[in-house]
Amino acid sequence: MSEPSVLASLVSALRGGSIQIVDLTSPLSSSTPVIELPPEFGQTAVFELEEISRYDDRGPAWYWNNFRSGEHTGTHFDAPNHWVTGKDLGDVASVPADRLIAPAAVLDFTAEARKDPDFLVEVDHVKAWEAEHGPLPDGGWLLLRTGWDTRSHSQESFLNADENGPHTPGLSPECARWVAQESPVLGLGVETVGTDAGRGHSFDPPFPCHSYLMGSAKYGLTQLRNLAALPPTGSVVIAGPLPIVAGSGAPARVLALVER
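As recorded by an unreviewed UniProt entry, the protein chain carries the name Cyclase and is attributed to Streptomyces brasiliensis.

Dropping the structure here:
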């Protein structure tokens with residue numbers, strides 16, 4: 001009798017529950033928090049539904065909607081051309097399909113972010129994680145768990161801004177450069193509204209995660225949730241952005257496969 005194929009084994013494991021599917025995606029609605037830039041800049045759109053018909057005279061047997069949304073609203077994928085440093089690099093429609101399924105390393109800084117919402121991850125933090133768990137996955141994701149997804153019910157709590165700007169955790173400028181230019185990962189995933197820390201506007205360079213990652217043809221995933229259900233290593237992330245031609249990013253359904 002022949003051995004079952006890899007795909008057949010995967011389907012069996014999914015049906016049997018030995019591999020669990022964890023949804024890392026925040027529901028997308030008009031109450032989904034969005035980034036707020038200074039008023040002199042253009043702003044992203046809040047998600048909106050426009051009803052076309054709902055089993056009525058406009059369409060007696062069907063319900064459907066138009067929707068309006070920013071590319072970077074809700075859980076979304078950042079493509080290299082999102083930032084000026086990657087302006088000549090790929091759009092979201094040109095991301096190779098084989099880069100949308102990749103292993104993940106989950107670094108947990110929930111306790112630190114709870115004590116200090118401006119907490120910054122340094123290279124030494126990542127090195128310490130590697131000493132315990134092994135190297136970051138080649139061609140995989142670095143996922144930053146901070147517990148920030150528990151704030152996603154409220155725009156105010158999620159952005160956590162005052163007169164000095166937002167206060168959310170993230171990477172230091174040097175760590176952002178290291179992840180983009182020296183680490184083997186293909187991108188960074190976070191629970192916050194963007195890949196940069198809230199204070200990123202004041203760093204050198206400003207918004208270093210965007211600047212270094214996009215300029216290195218790497219990617220970003222933002223507004224993830226349920227990272228607490230993932231182990232430090234061993235999970236596989238499936239990121240499915242809309243393939244918007246010339247788009248700088250897109251809302252995405254992001255799933256993780258976890259072996260139980």
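**Student:** Give a detailed account of the overall build of the protein chain, specifying residues and quantitative values.
**Tutor:** Check the secondary structure of the protein chain and you find 6 helices and 14 strands. In terms of overall dimensions, the protein chain is globule-like: its C-alpha atoms have a radius of gyration of 19 Å, near the 18 Å expected for 260 residues. Taking the principal axes of the C-alpha coordinates as reference, the protein chain spans close to 65 × 60 × 40 Å. Entry remark: accessible area of the protein chain is about 13,100 Å², with carbon and sulfur atoms responsible for 55%. The positive charge centre, built from 17 side chains, and the negative charge centre, built from 33, are 4 Å apart in the protein chain.

**Student:** Can you tell me about the pairing of strand E7 (residues 141-145), naming the residues and giving the values?
**Tutor:** Within a regular strand, side chains alternate between the sheet's two faces. Counting buried residues in E7 gives 4 out of 5 residues, a clear majority hidden from the surface. Bridge count between strand E5 (residues 101-108) and E7: 5 bridges; the pairing is parallel. Considered in E7, the bridge of aspartate 108 is made with arginine 145.

**Student:** Please set out the pattern of salt bridges residue by residue, giving values where relevant.
**Tutor:** Counted by the stated rule, this structure contains 8 salt bridges. Taking the shortest distance from any N to any O, the salt bridge between aspartate 56 and arginine 58 comes out at 2.6 Å. Judged by its relative accessible area of 24%, aspartate 56 is partly exposed. Since its relative accessible area comes to 45%, arginine 58 is described here as partly exposed. Here arginine 145 and aspartate 108 are joined by a salt bridge, their closest N and O atoms 2.8 Å apart. Taken together, the positions of arginine 145 in strand E7 and aspartate 108 in strand E5 put the pair 37 residues apart, joining distant regions of the chain. One network of salt bridges, with partners in common, ties together Glu51, Asp56 and Arg58.

**Student:** So what's going on with the side chain of threonine 75? Residues and values would help.
**Tutor:** Relative to the elements of secondary structure, threonine 75 occurs in the loop between strand E3 (59-68) and strand E4 (76-78). Take threonine 75: its relative accessible area is 4%, and that puts it in the buried class. From its side chain, threonine 75 meets the backbone nitrogen of serine 26 in a polar contact 2.8 Å long. In this structure, threonine 75 is in contact with Leu24, Thr25, Ser26, Thr222, Gln223, Leu224, Ala250, Pro251, Ala252 and Val254, ignoring residues within four places of it in sequence.

**Student:** Which residues make up the pairing of strand E2 (residues 48-56), and what values do they have?
**Tutor:** With 7 bridges connecting them, E2 and E3 associate as antiparallel partners. Its bridge partner being in E3, glutamate 48 is matched across the sheet by arginine 68. The hairpin turn running from E2 into E3, its antiparallel successor, is 2 residues long.

**Student:** For the environment of glycine 90, give the residues involved together with the corresponding values.
**Tutor:** Relative to the elements of secondary structure, glycine 90 occurs in the loop between E4 and E5. For glycine 90 and alanine 104, which are 14 residues apart along the polypeptide, the C-alpha to C-alpha distance reads 22 Å. Setting aside residues no more than four positions away along its own chain, glycine 90 makes contact with Ala79, Pro80 and Asn81.

**Student:** Tell me about the packing of aromatic side chains, residues and numbers included.
**Tutor:** On inspection of all chains with the given rule, the structure shows 6 aromatic pairs. Measuring from ring centre to ring centre gives 6.2 Å for phenylalanine 77 and tryptophan 141, while their planes differ by 85°; the resulting arrangement is edge-to-face. Linking phenylalanine 77 in strand E4 with tryptophan 141 in strand E7, this pair joins segments that are 64 residues apart in sequence. On the numbers, 5.1 Å between centres and 40° between planes, the contact of phenylalanine 77 with tyrosine 219 is tilted. Of this pair, phenylalanine 77 sits in strand E4 while tyrosine 219 sits in strand E12 (residues 219-222), and the two are 142 residues apart along the sequence. For the pair shown, phenylalanine 77 and tyrosine 219 are each scored as buried. Each member of the aromatic cluster is reached from another via a ring pair, and the members are Phe77, Trp141 and Tyr219. One Lys or Arg, arginine 151, reaches over the ring of tryptophan 148 and ends 4.0 Å from the middle of that ring.

**Student:** Could you give an account of helix H3 (residues 123-133), with specific residues and numbers?
**Tutor:** For H3, every residue scored as buried is listed here: Val123, Val126, Trp129 and Glu130. Buried residues in H3, looked at end-on, bunch into an arc of 120°, giving them a common side. In H3, the exposed residues that point more than 90 degrees away from the buried face are Asp124, Ala131 and Glu132. Those residues of H3 hidden inside the fold are in contact with E5, strand E6 (120-121) and helix H5 (173-181). The first or second residue beyond H3 is glycine 134, which carries a positive phi of 100°.

Reading the values: rules and limits
Residues numbered from 1 in each chain as written. Predicted model: local features only at pLDDT ≥ 70, side-chain atom pairs only at ≥ 80, totals over all residues. Heavy atoms only, no water. Helix = DSSP H or I, 4+ residues; strand = E, 2+ residues; numbered from the N terminus. Rg over C-alpha atoms; globule rule 2.2 N^0.38 Å. Areas by Shrake-Rupley, 256 points an atom, 1.4 Å probe, with all protein chains shown as cover. Lys, Arg positive; Asp, Glu negative; His and termini not counted. Charge placed at Lys NZ, Arg CZ, Asp CG, Glu CD. Buried < 20%, exposed > 50% of the residue type's maximum accessible area, 1.4 Å probe, protein only. Pairing = 2+ DSSP bridges. Salt bridge = Lys/Arg side-chain N within 4 Å of Asp/Glu carboxyl O. Polar contact = N/O pair within 3.5 Å; in protein donor to acceptor, adjacent residues only side chain to side chain. Contact = heavy atoms within 4.5 Å. Phe/Tyr/Trp six-rings, centres within 6.5 Å; stacked < 30°, edge-to-face > 60°. Lys NZ or Arg CZ within 6 Å of the ring centre and 35° of its normal. Arc of directions from axis to C-beta.

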